[in-house]
Amino acid sequence: METMEQKYEKLGQILRSMEKVVVAFSGGVDSAFLLKAAMEFLGRDNVLAITADSETYPVREKEEAVALAKELGAVHEVIHTSELDIPGYAENPTNRCYFCKNSLFDHLIPIAKERGFEHVIFGAIADDLGEHRPGLQAAHEKGVLAPLLEAGIKKAEIRHMSRQFGLRTWDKPSFACLSSRIPYGEAITALKLSMIDQAEDFLIQLGFRQVRVRQHENLARIEVPASDLAEVLAVADTVHAKLKEIGYAYVTLDLKGYRSGSLNEVLSPDQQAVQAGSAS
């Protein structure tokens, strides 16, 4: 079994073979680690970080990505995209992430070619294999590479090495686009995305770090880690009043607590298998 040090050296070999790269940079745990590694192995001038700002990307995340790129000393640009303009996206099919990543790469690839960068890379990791990750299929079709996945690096290892390297993202809660809060088949609208963003931002301001507000039409289903359930209940009246003000008719707390991709739980085993197979 390879050690973290061996995997990191393998990552270095992969990145050095690419020479010049555009990094799809969201400011999350994985893309931040990938950006730092790319700069270390290739040098600052051979790496361009690009963040896509859209309706599905919270303002706080964009601001954090800009600040983090500056801290790292990276060459960084923010471009504007709109997932809601992608045919088929707003209908919210189970492979919604395919449309999103496909569009993102369609924006990044021409920039890379125009600027003389050899490859576009993104932060998929080894843990993503076998999960419901339609975005991996889009990357495969577009020739976009995933060095962390290729090196076999997992989330726990990224967090450990990020802490060693002094990256403040080492313990950042997992993040996914705001559309992932809306059940498959329910239409995605700018209003729903705005409501979710406001609701989650409010809960984060209250001190809850890992938060999801799943929107089921006019009902908000709040997910926090099981250890935080009692703390939410302690401020239930405040949370209820604020989310009603935002526009929710009903506000609920999921007693099972936060879990990544909880809306995938309604997919049949066959649906999940097809998506995982297409992503491998």
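Just so you know, these numbers come straight off a predicted model, no measurement behind them.

(A) Main features of the UniProt feature "domain: NAD/GMP synthase" (unreviewed entry) in the protein. According to UniProt, the feature "domain: NAD/GMP synthase" (unreviewed entry) maps to residues 17-80 in the numbering used here. The span residues 17-80 shows a helical share of 44% and a strand share of 27%, and its end C-alpha atoms are spaced 30 Å apart.

(B) View of the packing of aromatic side chains. A complete count under the given rule lists 6 aromatic pairs for this structure. Ring centres 6.1 Å apart and planes at 5° place the aromatic pair Phe-33 and Phe-165 in the stacked group. One end of the pair, Phe-33, is in helix 2 (residues 29-42); the other, Phe-165, is in the loop between helix 7 (155-164) and helix 8 (190-205), and 132 residues separate them in sequence. Look at Phe-33 and you get buried, because its relative accessible area is 1%. Between the aromatic rings of Phe-105 and Phe-122, the centroid separation amounts to 5.4 Å while the plane-to-plane angle is 70°, which identifies the pairing as edge-to-face. A residue pair is termed long-range when its members are at least 10 positions apart, and Phe-105 in helix 4 (residues 96-115) and Phe-122 in the loop between strand 4 (119-121) and helix 5 (134-142) qualify at 17 residues. Exposure class is identical for Phe-105 and Phe-122. Each is buried.

(C) Looking closely at the pairing of strand 6 (residues 219-223). Within strand 6, 4 of the 5 residues are buried, which leaves it mostly tucked inside the rest of the structure. Where strand 5 (residues 212-216) meets strand 6, 5 bridges bridge the pair, whose relative direction is antiparallel. Residue pairing across strands places Arg-214 opposite Arg-221, the latter belonging to strand 6. Hairpin connection from strand 5 to strand 6: 2 residues lie between these consecutive antiparallel strands, with Glu-217 at a positive phi of about 55°. With 4 bridges joining them, strand 6 and strand 7 (residues 250-253) adopt parallel strand pairing. Each residue of the ladder has a partner; that of Ile-222, found in strand 7, is Leu-253.

(D) Examining the packing of helix 1 (residues 4-16) against helix 7 more closely. Close contact between helix 1 and helix 7 brings their axes to 11 Å; oriented N to C, the two are set at 85°. Considering their axes alone, helix 1 and helix 7 lie roughly perpendicular with respect to each other. Where helix 1 approaches helix 7, its residues Met-4, Lys-7 and Tyr-8 are matched on the opposing element by Glu-157, His-160 and Met-161. Residues belonging to the contact of helix 1 with helix 7 are distributed by class as follows: 3 nonpolar, 1 polar and 2 charged.

(E) Representation of the pattern of salt bridges within the structure. In total, this model carries 22 salt bridges according to the counting rule given. The partner of Arg-44 in a salt bridge is Asp-45, with the nearest N and O atoms 3.6 Å apart. Residue Arg-44 is classed as partly exposed on the basis of its relative accessible area of 43%. By relative accessible area, Asp-45 is classed as exposed at 60%.

Rules used in this analysis
Residues numbered from 1 in each chain as written. Predicted model: local features only at pLDDT ≥ 70, side-chain atom pairs only at ≥ 80, totals over all residues. Heavy atoms only, no water. UniProt positions renumbered as here; feature names shortened; annotations may be inferred. Helix = DSSP H or I, 4+ residues; strand = E, 2+ residues; numbered from the N terminus. Phe/Tyr/Trp six-rings, centres within 6.5 Å; stacked < 30°, edge-to-face > 60°. Buried < 20%, exposed > 50% of the residue type's maximum accessible area, 1.4 Å probe, protein only. Pairing = 2+ DSSP bridges. Axes fitted to C-alpha atoms, helices over the stretch in contact; angles between N-to-C directions. Parallel < 35°, antiparallel > 145°, perpendicular 65-115°, else oblique. Contact = heavy atoms within 4.5 Å. Nonpolar A, V, L, I, M, F, W, Y, C, P; charged D, E, K, R; others polar. Salt bridge = Lys/Arg side-chain N within 4 Å of Asp/Glu carboxyl O.

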